[in-house]
Amino acid sequence: MKAFLFICLLVVAGPVLAKSNLEKSGDIIHLLLPVAALGATLVIEDDYQGSWQLIKSGVVSRVAVEGLKFAVDKDRPDGSGDDSFPSGHTADSFAAATFIQQRYGWRWAIPAYIGATFVGYSRVQSDKHYAVDVLAGAAIGIISGLYFTEPYSGITISPTASSGHYGLSFSGTF
């Protein structure tokens, strides 16, 4: 419960801290999401498995982003450089949000994904990236988070939907 409230606070407080500037708001949330995820691993868990998984996810995501930025010569919408593709801010944010979802479940992931989506939105609206750059960054972050993150031992509750049936899925390690 504490982690959920902490993540909600970060998502809401980020834009308030830099209310006058959309780009700065996105920058703040871009930094707060991985910090919140790391903080959760250090507060909730007894070992460093979650921390290590988050670090691997973030490093691989960032290496993929930087490799693509080097290989793809795409100008930013504002003309400030030729490293528009993909969005590193978005990749970092979605890697952290996916880590939170995979490790702790949807209850904590919803505010994290809202924050990550806001980061992507802020990058497009501040003319730092095109929508395709943000989508590619989100995909890189999500794939990295999915690949490296295992659920935290305990019970995970996730929403399910298929063939007109909706409900909750409970899973755990005993």
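Residue indices begin from 1 for each chain and proceed along its sequence in written order. It should be noted that, the model being predicted, local features are given only for residues of pLDDT at least 70 and side-chain atom pairs only at 80 or more, the latter also being counted only at that level, while totals for whole chains, interfaces and linings use all residues. The basis for every side-chain value is the complete set of heavy atoms in the structure, and neither hydrogens nor water enter the calculation.

### Section: the packing of aromatic side chains
Reasoning step 1: Put simply, two rings from Phe, Tyr or Trp (the six-membered ring, in Trp's case) pair if the centres are within 6.5 Å, and we call them stacked under 30 degrees between planes, edge-to-face over 60, tilted for the rest. Summed over the entire model, instances satisfying the criterion amount to five aromatic pairs.
Reasoning step 2: Seen from their ring centres, Phe 94 and Tyr 113 are 6.0 Å apart, and the 40° between their planes marks the pair as tilted. Here the residue Phe 94 occupies a position in helix H4 (residues 88-104), and Tyr 113 occupies one in helix H5 (residues 106-125), the gap between them amounting to 19 residues. We note that Phe 94, like Tyr 113, is buried.
Reasoning step 3: Aromatic pair Tyr 147 and Phe 148: ring centres 4.9 Å apart, planes at 85°, arrangement edge-to-face.
Reasoning step 4: A relative accessible area of 67% places Tyr 147 in the exposed class. The numbering of helices and of strands both runs from the N terminus, where a helix is a DSSP run of H or I of at least 4 residues and a strand a run of E of at least 2. Burial classes: relative accessible area under 20% of the type maximum marks a residue as buried, over 50% as exposed, and values in between as partly exposed (1.4 Å probe, protein chains only).

### Here's the deal with the confidence of the model for the protein
Reasoning step 1: Looking at the protein as a whole, its pLDDT mean stands at 84, while 79% of the residues score no less than 70.
Reasoning step 2: Per-residue confidence from the prediction method is given by pLDDT, with values spanning 0 to 100. The spread of mean pLDDT over the elements of the protein runs between helix H1 (residues 2-17), the lowest at 53, and helix H6 (residues 131-148), the highest at 96.
Reasoning step 3: Contacts for the low-pLDDT stretch residues 15-19, under 50 throughout, to residues beyond four places or in other chains number seven contacts. Contacts: residue pairs with any heavy atoms within 4.5 Å of one another.

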